[in-house]
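# Architecture at a glance
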Amino acid sequence: MLWKLLMRSQPSRLCSLRRMVSAPKYRPLLACFTYTTINQSDTENKRTVEKLYKFSVDIRKIRRLKGWILLEDETYVEEIANILQQVGADETAVASILERCPEAIVCSPTAVNTQRELWQSVCKNKEELVKLIEQFPESFFTIQDQENQKLNVQFFQELGLKNVVISRFLTTATSVFHNPVENNKQMIRLLQESYLNLGGSEANMKVWLLKLLSQNPFVLLNSSAAILETLEFFQEQGFTNFEILQLLSKLKGFLFQLGPRSIQNSMSFSKNAFNCTHHDLKQLVLQCPALLYYSVPVLEERIQGLLKEGISIAQIREMPMVLELTPQIVQYRIRKLNSLGYSIKDGHLGNLNGTKKEFEANFGKIQAKKGRPLFNPVAPLSVE
């Protein structure tokens, strides 16, 4: 077992690690807004409607999607609009925000001001703040657990995360900030211990951790037990500590969200599909960790799509990263290559693989080579 083996070389670290195994109990995000009890009658609050009209809000949208808001006895239309205007939102932006997130008008102005201060602490200027609120109004008006949000922002800043990354978390990973800060600290300690126990160096640990969090902050919502279980599973499958560290570096925190059963299913499918030994499968996985990340139906669809294009299993084994491409992208790229007379069936899949930018660069090179003259008319002749 991974941690039993590690105990011999890292006894003190392992003891502290095991004390953190109990799953963190964080409070899930059950309700995004604080609002009063809905009016018992079905009569709209005329004052609310009139004030919304004043700010050019499309009432029909609110009636169609969230009509209950117009029935509330107590609303703060003018106060919320004023707060938005104070940070630089113009009339059009205010109307758009209130139409998309009408729950804002039942939020406490005091709480919204507190939220504004928190978001301003990680935004470069008011223009950036307004842009974020326009794009993610629901996240901005999620106003519960504000003290916990503030503590988490401070914690991430102390870790060394840039404010631009933290602001992205606030908009797209709000649940991370509603997780008690002690739970997030505990998970960070576990990730650091895991990295060191797998052979990572102290010098590189901070960079690795910040990259992991930047790419997948939701790793903080995992349980300690689940992370240890995943690491032990890879040890049982014959992966060395160095190889597990490789997978961690490539898949970041996504590795811990898969779970042993899902990983086992994907590995079993790939082993049968490529008709390879367990050792060869390990090398394929290290070369293309997407074999673990994608589910069996996705892998099956992508392999079948490549086979229909005339690509062989042997070619896929040679360049498994091609499975990171959807069948639609594969078809589009093959048609482009065929237009130059390049047959992917006989060539290397390297020209098909890669990001959009990498593919276009390779395509340009092939295109230039095809258009090159048979000889250079200005080159000096070699005459004896």
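Residues numbered from 1 in each chain as written. Predicted model: local features only at pLDDT ≥ 70, side-chain atom pairs only at ≥ 80, totals over all residues. Heavy atoms only, no water.

### Here we look at the overall build of the chain
- Counting secondary structure elements, the chain contains 23 helices and zero strands.
- For the chain, the proportion of its 384 residues judged to be buried stands at 48%.
- In the chain, the share of contacts with a sequence separation of at least 24, taken over all contacts with a separation of at least 6, comes to 75%.
- Of the roughly 20,000 Å² of accessible surface on the chain, a fraction of 52% belongs to carbon and sulfur atoms. (Helix = DSSP H or I, 4+ residues; strand = E, 2+ residues; numbered from the N terminus. Buried < 20%, exposed > 50% of the residue type's maximum accessible area, 1.4 Å probe, protein only. Contact = heavy atoms within 4.5 Å. Areas by Shrake-Rupley, 256 points an atom, 1.4 Å probe, with all protein chains shown as cover.)

### With respect to the packing of aromatic side chains
- For the coordinates displayed, the defined rule picks out 11 aromatic pairs.
- Taking 5.8 Å as the distance between ring centres and 80° as the angle between the ring planes, the aromatic pair formed by F254 and Y293 counts as edge-to-face. Of the two residues, F254 sits in the loop between α16 (241–251) and α17 (260–274) while Y293 sits in helix α19 (residues 290–293), which places them 39 residues apart along the sequence.
- Here Y293 falls in the partly exposed class, since its relative accessible area comes to 38%.
- Among the aromatic residues, those joined into a cluster by ring pairs are F155, F156, F169 and F177.
- Of note, R302 hangs over the ring of Y294, and the distance from its end group to the ring centre comes to 4.4 Å. (Phe/Tyr/Trp six-rings, centres within 6.5 Å; stacked < 30°, edge-to-face > 60°. Lys NZ or Arg CZ within 6 Å of the ring centre and 35° of its normal.)

### Some words on the pattern of salt bridges
- Within the structure shown, the criterion is met by 10 salt bridges.
- Salt-bridge contacts for D58 lead to R60; the nearest nitrogen and oxygen are separated by 3.3 Å.
- The partner of E182 in a salt bridge is K185, with the nearest N and O atoms 3.9 Å apart. One end of the pair is E182 and the other is K185, both in helix α13 (residues 181–197) and three residues apart, which spans about a single turn.
- Judged by its relative accessible area of 27%, K185 is partly exposed.
- What emerges from the salt-bridge pattern is a single network uniting K51, K54 and E78. (Salt bridge = Lys/Arg side-chain N within 4 Å of Asp/Glu carboxyl O.)

### Re the side chain of S139
- Here S139 lies in helix α9 (residues 137–140).
- A relative accessible area of 12% means that S139 is categorised as buried.
- A distance of 2.8 Å separates a polar side-chain atom of S139 from the backbone oxygen of T171.
- Not counting residues within four places of it along the chain, the set of residues in contact with S139 comprises Q115, W119, L170, T171 and T174. (Polar contact = N/O pair within 3.5 Å; in protein donor to acceptor, adjacent residues only side chain to side chain.)

### Quick word on the environment of S214
- With respect to the helices, strands and loops of the structure, S214 is situated in helix α14 (residues 202–215).
- Owing to a relative accessible area of 22%, S214 belongs among the partly exposed residues under this scheme.
- Linking S214 and K162, residues 52 residues apart in sequence, is a C-alpha distance of 9.3 Å.
- Those residues within four positions of S214 in sequence are excluded, and the remaining contacts are L161, V165, R168 and F169.

### As for the environment of S194
- The residue S194 is located in helix α13 in this model.
- Taking the C-alpha atoms as reference points, S194 and L245, 51 residues apart in sequence, are found 9.3 Å from one another.
- Reaching out from S194, the side chain makes a polar contact with the backbone oxygen of L190 at a distance of 2.8 Å.

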